[in-house]
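An overview of the molecular structure
Chain by chain, the residues run as shown.
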Amino acid sequence: MGLILDSSVLITAERQGKNARQVLTAMSEHLGEVEVGISVVTLIELAHGAARADTPDRKSHRQKFIQELLTAMPVYPVTTSIALRTG
């Protein structure tokens, strides 16, 4: 396993108008070929942000970002190892 992304990294990327593929491309440019994923807790946090969006357009955009993430990278269950790595 390589890198577990925190929601703050993904929220920043989404606010900058980037999609999941752009996030992964930027990561590989800086880190080389490293496996990148998210924890299920990060997915929960992103879904919560989409649910709390203040406009229907923003909600739709956030939901699309989440769906792209789900096809671009693995989602790992919360284990002690994942929790320590994410932290």
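Residues numbered from 1 in each chain as written. Predicted model: local features only at pLDDT ≥ 70, side-chain atom pairs only at ≥ 80, totals over all residues. Heavy atoms only, no water.

So, on to the sheet that holds strand 3 (residues 75–76). What the three strands build is an open sheet, ordered 1-2-3; its pairing is parallel. Every interior strand has two partners, whereas the edge strands, strand 1 (3–5) and strand 3, have only one. Across two bridges, the pairing between strand 2 (residues 36–39) and strand 3 is parallel. Considered in strand 3, the bridge of Ile-38 is made with Val-75. (Pairing = 2+ DSSP bridges. Helix = DSSP H or I, 4+ residues; strand = E, 2+ residues; numbered from the N terminus.)

Here the focus is the packing of helix 2 (residues 20–31) against helix 4 (residues 56–72). Contact pair helix 2 / helix 4: the axes reach a minimum separation of 8 Å and the direction vectors enclose 50 degrees. In terms of their interaxial angle, helix 2 and helix 4 are classed as oblique. Packed against helix 2, whose contacting residues are Ala-20, Arg-21 and Leu-24, the element helix 4 presents Phe-65, Glu-68, Leu-69, Thr-71 and Ala-72 at the interface. Looking at the contact of helix 2 with helix 4 residue by residue, the class counts come to five nonpolar, one polar and two charged. (Axes fitted to C-alpha atoms, helices over the stretch in contact; angles between N-to-C directions. Parallel < 35°, antiparallel > 145°, perpendicular 65-115°, else oblique. Contact = heavy atoms within 4.5 Å. Nonpolar A, V, L, I, M, F, W, Y, C, P; charged D, E, K, R; others polar.)

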